[in-house]
Protein chains: 2
Amino acid sequence: MNQFFTEFHDKGTGIIFKIKRELFSAKSPYQEIKVFETETFGRMLVLDGLVMLTERDEFVYHEMLVHPAFSFKEQVKKAGVIGGGDGGTVREILKYPDVESVLLIEIDKMVVEVSERYLEFTSSRLKDERVSIYYEDGVKYLNERNERFDLLFVDSSDPVGPAVALYSLDFYKSIKKNLKDDGIVVFQSESPWYHLGVIKEQIKNLKRLFKEVKLYLAPVPTYPGGFWSFTIATDTELVVKRDYIPEGLKYYNKSIQEHLFALPEFIKNAIG
Amino acid sequence: MNQFFTEFHDKGTGIIFKIKRELFSAKSPYQEIKVFETETFGRMLVLDGLVMLTERDEFVYHEMLVHPAFSFKEQVKKAGVIGGGDGGTVREILKYPDVESVLLIEIDKMVVEVSERYLEFTSSRLKDERVSIYYEDGVKYLNERNERFDLLFVDSSDPVGPAVALYSLDFYKSIKKNLKDDGIVVFQSESPWYHLGVIKEQIKNLKRLFKEVKLYLAPVPTYPGGFWSFTIATDTELVVKRDYIPEGLKYYNKSIQEHLFALPEFIKNAIG
């Protein structure tokens with residue numbers, strides 16, 4: 001007998017996975033957490049019914065969240081990650097030898113525990129000595145601190161449940177307060193096919209606070225529409241300042257770097 | 001009561017659509033043809049159980065099949081389309097005033113008839129005086145002729161059913177015979193997530209016949225993995241020779257043109 005998992009992206013369209021078995025299922029204080037072994041995409045993490053990552057395609061999302069920002073910085077000593085308890089973003093950050101410390105601020109300890117147990121491909125570097133994990137609300141954490149990050153990555157889940165506050169102007173202000181003057185923040189910013197309104201709103205708000213705000217795109221087959229966006233914001237110029245690209249990447253390369261900000265006409269027009 | 005249409009891309013993953021109603025369903029001598037009104041993607045054409053196009057996203061596929069090749073030609077007098085009975089490719093070709101004739105070679109007359117009746121958004125230009133439609137097997141047609149096309153577009157369905165022969169070396173030889181010396185052929189070439197082997201094989205075979213063979217990509221949310229590939233082959237150089245881009249396009253623009261051949265590392269490595 002076959003078992004299927006379906007995620008609807010809107011009221012009419014979704015993605016369906018054949019499931020070999022459910023490896024984990026529980027409710028944390030924040031959300032429902034499930035891990036499946038899928039038929040063709042390897043292991044899959046699902047939060048509140050939404051696909052967060054699969055073993056087969058997570059490399060695109062994590063590489064594209066992290067590496068473009070590093071290309072725009074000569075040196076990065078201190079990096080932060082909001083969300084991202086699966087560890088994939090931290091794994092990519094640690095590929096740069098100049099990084100001295102990475103702070104992971106994840107609200108839900110169970111996500112980290114489940115990832116360490118079932119998702120070794122993303123969580124493998126969470127025990128690195130350069131990494132500190134804070135189990136706190138990212139909004140509250142940044143409000144109360146002044147961390148002076150070189151780079152900050154907002155690796156949030158979709159704007160439902162615990163992640164809603166991560167799309168507010170107040171949160172963007174707290175981010176700015178915690179960045180060095182030449183710091184850069186990168187947000188995962190949802191699907192251009194399903195959430196163009198969210199993207200537009202986010203860019204509008206970020207432009208009130210930062211001099212440079214740009215969108216870029218990458219294909220992630222298990223995310224809504226198979227195509228994802230990232231938003232990068234900073235008060236410095238977004239020009240390539242580092243030639244080094246870590247070895248062994250599967251998506252990001254020199255050619256992707258050079259063409260990062262090429263946008264299709266309908267997206268360019270939508271975000272103005 | 002809700003009705004759903006599901007297409008599986010491999011044995012474990014698929015896309016699911018909520019259907020408002022079925023507008024058409026019949027078996028032609030070649031394939032099963034269905035037209036649905038979907039909940040969120042407008043009208044949808046399905047051949048042998050596979051999504052061929054939807055009203056909401058067909059613009060990406062048709063623009064990206066057609067416009068890059070036009071950018072590489074100063075002038076195009078005669079263009080051909082193999083398959084493409086829905087008319088979307090012809091619609092894009094006719095946006096260039098230098099085009100004098102377009103030959104559409106479609107094996108299945110019922111696809112054209114159904115498209116003219118239900119898919120006005122793609123078929124609207126099939127009655128243009130510059131268009132001639134031949135209801136013939138594209139392989140046989142090209143074998144027996146010597147058309148000297150400036151541009152030829154292989155707008156085939158997936159390599160199952162009537163389209164299998166469109167992926168053979170013999171077919172590529174017939175194409176070359178029907179192109180001018182500086183002619184260009186463009187193939188839709190399947191999903192890099194699901195059919196990387198097909199892509200690799202096609203490029204290897206085309207390189208035996210043409211001096212320049214290149215792959216490029218575009219996001220189509222209702223195709224497998226939401227990401228699609230196109231292969232362009234010619235004996236001339238693939239450099240931009242035409243600045244004109246038709247007005248009103250929703251995907252293709254100058255910026256996409258400049259960055260057309262940027263490929264992710266895993267795809268670059270796969271195709272060599």
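### Observations regarding the overall build of chain A
Piece 1. Assigned secondary structure in chain A consists of 9 helices and 12 strands.
Piece 2. A compact globule built from 272 residues should have a C-alpha radius of gyration of about 19 Å, and chain A, at 18 Å, falls within 12% of that.
Piece 3. Taken over the C-alpha atoms alone, chain A extends approximately 55 × 45 × 35 Å along its principal axes.
Piece 4. Out of the 272 residues in chain A, the part that is buried amounts to 50%.

### Here's the deal with the relation of the copies chain B and chain A
Piece 1. At an RMSD of 0.0 Å, chain B and chain A line up after a rotation of 180° and a shift of 0.0 Å along the axis. In short, the pair behaves as if placed about a two-fold rotation axis.
Piece 2. Both copies present the same face, since 100% of the interface residues in chain B are matched by interface residues at the equivalent positions in chain A.

### Quick word on the sheet that holds strand β7 (residues 101-105) of chain B
The strands that make up a sheet pair up through hydrogen bonds in the backbone, lying either parallel or antiparallel.
All names here are of chain B.
Piece 1. Pairing is mixed across the open sheet formed by 7 strands, whose spatial order is β8-β7-β6-β9-β10-β12-β11. Only two strands of the sheet have a single neighbouring strand rather than two, namely β8 (131-134) and β11 (212-218). The average angle at which neighbouring strand axes cross in this sheet is 15°, direction not considered.
Piece 2. Two elements, β7 and β8, share 4 bridges in a ladder whose sense is parallel. Bridge pairing links L104 to I133 in β8.

### A short note on the domain arrangement of chain A
All names here are of chain A.
Piece 1. According to the domain assignment, chain A contains domain 1 (3-54) and domain 2 (58-271).
Piece 2. Of note, the centres of domain 1 and domain 2, computed from C-alpha atoms alone, are 22 Å apart.
Piece 3. Taken residue by residue, the interface counts 21 residues in domain 1 and 22 residues in domain 2.
Piece 4. Those elements that place two or more of their residues in the side of domain 1 that touches domain 2 are β2 (13-27), β3 (32-38), β4 (43-47) and β5 (50-54).
Piece 5. With 5 residues, the single largest contributor to the side of domain 1 that touches domain 2 is β5.
Piece 6. Split by residue class, the side of domain 1 that touches domain 2 holds 14 nonpolar, 4 polar and 3 charged.

### Considering the environment of A:D137
Residues and elements named next belong to chain A.
Piece 1. Note on placement: D137 falls in the loop between β8 (131-134) and α5 (138-144).
Piece 2. Taking the C-beta count within 10 Å as the criterion, D137 has 18 such neighbours and is therefore assigned partly exposed.
Piece 3. Considered as a pair, D137 and E106 are 31 residues apart in the sequence and their alpha carbons are 6.8 Å apart.

### Concerning the sheet that holds β8(A)
Residue and element names in this part refer to chain A.
Piece 1. Here we have 7 strands laid out as an open sheet, ordered β8-β7-β6-β9-β10-β12-β11, and mixed in their pairing. A single partner strand is all that each edge strand has here, and the edge strands are β8 and β11 (212-218). Along the sheet, successive strands turn relative to each other by an average axial angle of 15°, direction set aside.

### Regarding the confidence of the model for chain A
Piece 1. Model confidence for chain A is summarised by a mean pLDDT of 95, while 97% of its residues fall at 70 or above.
Piece 2. Across the interface, the model reports ipTM at 0.95; the global pTM reads 0.96.

### Focus on the interface of chain B and chain A
Piece 1. Of the residues lining the interface, 34 residues belong to chain B; the matching set on chain A comes to 34 residues.
Piece 2. Mapped by element, the contributors of at least two residues to the side of chain B that touches chain A are β2 (13-27), α8 (254-258) and α9 (265-271) of chain B.
Piece 3. Taken together, the residues of the side of chain B that touches chain A break down into 16 nonpolar, 11 polar and 7 charged.

### As for unusual backbone geometry
Piece 1. Phi is positive for A:E190, close to 70°, though the residue is something other than glycine.
Piece 2. Checked against the element boundaries, A:E190 lands in the loop between β10 (179-188) and α7 (196-207).
Piece 3. You will see that B:R148, though not glycine, has its phi angle at about 55°, which is positive.
Piece 4. With respect to the secondary-structure elements, B:R148 resides in the loop between α5 (138-144) and β9 (149-155).
Piece 5. Take B:R148: there are 14 C-beta atoms within 10 Å of it, and that puts it in the partly exposed class.

### Some thoughts on the environment of A:I105
Residue and element names in this part refer to chain A.
Piece 1. Within the element layout of this structure, I105 appears in strand β7 (residues 101-105).
Piece 2. Placed 68 residues apart in sequence, I105 and K173 show a C-alpha to C-alpha distance of 17 Å.
Piece 3. If sequence neighbours within four positions are ignored, I105 has contacts with G80, V81, I82, Y134, E136, G138 and Y141.

### Focus: helix α6 (residues 169-177) of chain B
All names here are of chain B.
Piece 1. Within α6, the full set of buried residues consists of F171, Y172, S174 and I175. With its buried residues spanning 160° around the axis, α6 presents them on a single face.
Piece 2. Where α6 is buried, its residues contact α5, β9, β10 (179-188) and α7 (196-207).

### Section: the environment of A:E39
Piece 1. Looking at the element boundaries, A:E39 is found in the loop between β3 and β4.
Piece 2. By the C-beta count within 10 Å, which is 17 here, A:E39 ends up partly exposed.

### Structural notes on the pairing of strand β12 (residues 228-234) of chain B
All names here are of chain B.
Piece 1. Counted residue by residue, β12 has 7 buried out of 7 residues, so it is predominantly covered.
Piece 2. Burial of β12 is two-sided: the residues W228, F230, I232 and T234 facing one way and the residues S229, T231 and A233 facing the other way are all buried.
Piece 3. Pairing geometry for β10 and β12, over 5 bridges, is antiparallel. Within β12, the position partnered with F187 by the bridge is T231.
Piece 4. Relative to β12, β11 runs antiparallel, the two sharing 7 bridges. Across the sheet, E212 pairs through a bridge with T234, a residue of β12.

Analysis parameters
- Residues numbered from 1 in each chain as written.
- Chains lettered and ligands numbered in written order.
- Predicted model: local features only at pLDDT ≥ 70, side-chain atom pairs only at ≥ 80, totals over all residues.
- Helix = DSSP H or I, 4+ residues; strand = E, 2+ residues; numbered from the N terminus.
- Rg over C-alpha atoms; globule rule 2.2 N^0.38 Å.
- Buried ≥ 20, exposed ≤ 12 C-beta atoms within 10 Å, placed from the backbone.
- Least-squares fit on C-alpha atoms with pLDDT ≥ 70 in both.
- Contact = placed C-beta atoms within 7 Å.
- Pairing = 2+ DSSP bridges.
- Axes fitted to C-alpha atoms, helices over the stretch in contact; angles between N-to-C directions.
- Domains from an automatic or database assignment.
- Nonpolar A, V, L, I, M, F, W, Y, C, P; charged D, E, K, R; others polar.
- pLDDT = per-residue confidence, 0-100.
- Arc of directions from axis to C-beta.

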